[in-house]
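# Overview (structure and organization)
As a plain string of letters, each chain reads:
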Amino acid sequence: MNQAAQTYWNEYWERQGREKPASVSAWPFGADPDQLARLVIEGVKTATCSALFSYEAEQEPLPSVGDYSIILDGRDEPVAIIQTVEVTVVPMNEVPEEFAVAEGEGDRTYRYWREVHETFFTKELNRLGREFSDDIPLVCERFRLVDVKS
């Protein structure tokens, strides 16, 4: 986590007057960090997904309910804090339309979500030496907006 994110995290919890959680992660959304962060701040984007293979390749733990994350923009500056409220692992071809809409991207249709995510995951999996298939496992995460950096 960079210094700006750490400072934001510390200041947020100082304002709360409560003990801060032991861990937090800081990251930008993949395809278009600025636009996707804006959708989170506007309350349009309340979900995200990642390929399970990416977590395995990076040896990263899966998100858990209650986890906090600092959302970074395209310049790695902190813009918001979210908290995970649900995590499921689902084959891509079984992701429900309602989840795709909760991702808040494009025209907010399942068709748009499917096309954009197939393109994104094809590139990501190729980078990992894997091929895309309709049933790749996705880590589907729902979150709530906790704070917007002023």
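Check the entry above for the structure.
Below: a short report on this structure. (Residues numbered from 1 in each chain as written. Predicted model: local features only at pLDDT ≥ 70, side-chain atom pairs only at ≥ 80, totals over all residues. Heavy atoms only, no water.)

## Some details on the sheet that holds strand β1 (residues 25–28)
Overall, mixed pairing links the five strands, which are arranged β1-β3-β4-β5-β2 in an open sheet. The sheet terminates laterally at β1 and β2 (47–51), the two strands that pair on one side only. Sheet twist, expressed as the mean angle between neighbouring strand axes with direction ignored, is 40°. Note that β1 and strand β3 (residues 68–72) share four bridges and pair parallel. Opposite Trp-27, over in β3, you have Ile-71 as the bridge partner. Relative to strand β4 (residues 78–91), helix α1 (residues 3–16) is tilted by about 95°, and along the sheet it contacts β1, β3, β4 and β5 (137–148). Sitting on the sheet, helix α5 (residues 110–127) is in contact with β2 and β5, with an inclination near 35° to β2. (Pairing = 2+ DSSP bridges. Helix = DSSP H or I, 4+ residues; strand = E, 2+ residues; numbered from the N terminus. Axes fitted to C-alpha atoms, helices over the stretch in contact; angles between N-to-C directions. Contact = heavy atoms within 4.5 Å.)

## So, the layout of surface pockets
Of the voids in this model, the largest pocket is the one considered here, and its volume is about 1,000 Å³. What lines the largest pocket is a set of 35 residues, and nearest its centre among them are Trp-27, Pro-28, Ser-50, Tyr-55 and Glu-141. At the level of elements, β1, β2, α3 (52–58), β3, α5 and β5 are the ones that each hand at least two residues to the lining of the largest pocket. Of the residues belonging to the lining of the largest pocket, the class tally is 17 nonpolar, nine polar and nine charged. (1 Å grid on protein atoms, 1.4 Å probe; cavity = no way out; pocket = protein on both sides within 12 Å on 5 of 7 lines; lining within 4 Å. Points joined across faces, edges and corners; volume = space filled by probe spheres on them. Nonpolar A, V, L, I, M, F, W, Y, C, P; charged D, E, K, R; others polar.)

## Concerning unusual backbone geometry
Residue Gln-59 is not a glycine yet carries a positive backbone phi of 55°. Among the structural elements, Gln-59 can be located in the loop between α3 and β3. Even without being a glycine, Asp-76 presents a positive backbone phi close to 65°. By the secondary structure assignment, Asp-76 is in the loop between β3 and β4.

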